[in-house]
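# A look at the structure
What follows is each chain in one-letter form.
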Amino acid sequence: MALLKRLARHKLPPIAFTLNGEACFGVAGDTVLTAILTRTDRLRLSDFSGAPRAGFCQMGACQDCWVLTSDGKRIRACSTVLEPGMNLQTMTEPRS
């Protein structure tokens, strides 16, 4: 179930991306964080407790919203603008 529900910006152009192998859509101007959380309830699992995490500071200062690109690069979901064709992977296992 999605953590966020879009209340505005419904008429903006859709942006196609892939999340964990599934075709998804955000809208123009979305951050990666917004696009993901309108589809699911978390970005990753806590490295310490295994509990679900969905970002913390929302301004790129913490390390809580990392997601992976298709080439394995980590990006901050809260401060990265969604681009067409992004292939993203959430961290489904806590890092050791």
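Cut-offs used in this document
Residues numbered from 1 in each chain as written. Predicted model: local features only at pLDDT ≥ 70, side-chain atom pairs only at ≥ 80, totals over all residues. Heavy atoms only, no water. Helix = DSSP H or I, 4+ residues; strand = E, 2+ residues; numbered from the N terminus. Rg over C-alpha atoms; globule rule 2.2 N^0.38 Å. Contact = heavy atoms within 4.5 Å. Areas by Shrake-Rupley, 256 points an atom, 1.4 Å probe, with all protein chains shown as cover. Lys, Arg positive; Asp, Glu negative; His and termini not counted. Charge placed at Lys NZ, Arg CZ, Asp CG, Glu CD. Pairing = 2+ DSSP bridges. Axes fitted to C-alpha atoms, helices over the stretch in contact; angles between N-to-C directions. Polar contact = N/O pair within 3.5 Å; in protein donor to acceptor, adjacent residues only side chain to side chain. Phe/Tyr/Trp six-rings, centres within 6.5 Å; stacked < 30°, edge-to-face > 60°. Lys NZ or Arg CZ within 6 Å of the ring centre and 35° of its normal.

### Examining the overall build of the chain
Each helix and strand counted, the chain has one helix and seven strands in total. Against the globule reference of 12 Å for 96 residues, the chain gives a C-alpha radius of gyration of 13 Å, in line with a compact fold. With the principal axes as the frame, the chain shows a C-alpha extent of 40 × 30 × 25 Å. Of all intrachain contacts in the chain linking residues separated by at least 6 positions in sequence, the fraction that spans at least 24 positions is 43%. For the chain, the exposed surface amounts to about 5,900 Å²; the carbon and sulfur share of it is 55%. Charged side chains of the chain number 12 positive and 8 negative; the gap between the two group centres comes to 6 Å.

### Structural notes on the sheet that holds strand β2 (residues 22–27)
Pairing between sheet strands relies on hydrogen bonds along the backbone, with the strands arranged either parallel or antiparallel. Sheet architecture is open: five strands sit in the order β2-β1-β7-β5-β6, paired in mixed fashion. Since the sheet does not close on itself, it has two edges, and those belong to β2 and β6 (74–76), each with one partner. Sheet twist, expressed as the mean angle between neighbouring strand axes with direction ignored, is 45°. Bridge count between strand β1 (residues 14–19) and strand β7 (residues 87–89): two bridges; the pairing is parallel. Paired with L19 across the two strands is L88, which belongs to β7.

### Brief notes about the pairing of strand β5 (residues 66–69)
Relative to β6, β5 runs antiparallel, the two sharing three bridges. Along β6, the bridge assignment pairs V67 with I75. In textbook terms, the turn of a hairpin is the stretch between consecutive antiparallel strands, and for β5 and β6 this stretch comprises four residues, one of which, G72, has a positive phi near 90°. Note that β5 and β7 share two bridges and pair antiparallel. Across the sheet, residue T69 finds its bridge partner in β7, namely L88.

### Here's the deal with the side chain of T69
Following the sequence through the fold, T69 ends up in strand β5. There is a polar contact of 2.3 Å between the side chain of T69 and the side chain of D71. With residues near it in sequence (within four places) discarded, T69 still touches I75, N87 and L88.

### Thoughts on the packing of aromatic side chains
Across all of its chains, the model carries zero aromatic pairs by this definition. A cation over a ring is seen here: R74 above W66, with NZ or CZ 4.3 Å from the ring centre.

### Some thoughts on the side chain of T80
One can find T80 in the loop between β6 and β7. Once residues lying within four places of it in the same chain are set aside, the contact partners of T80 are T31, V32, I75 and M86.

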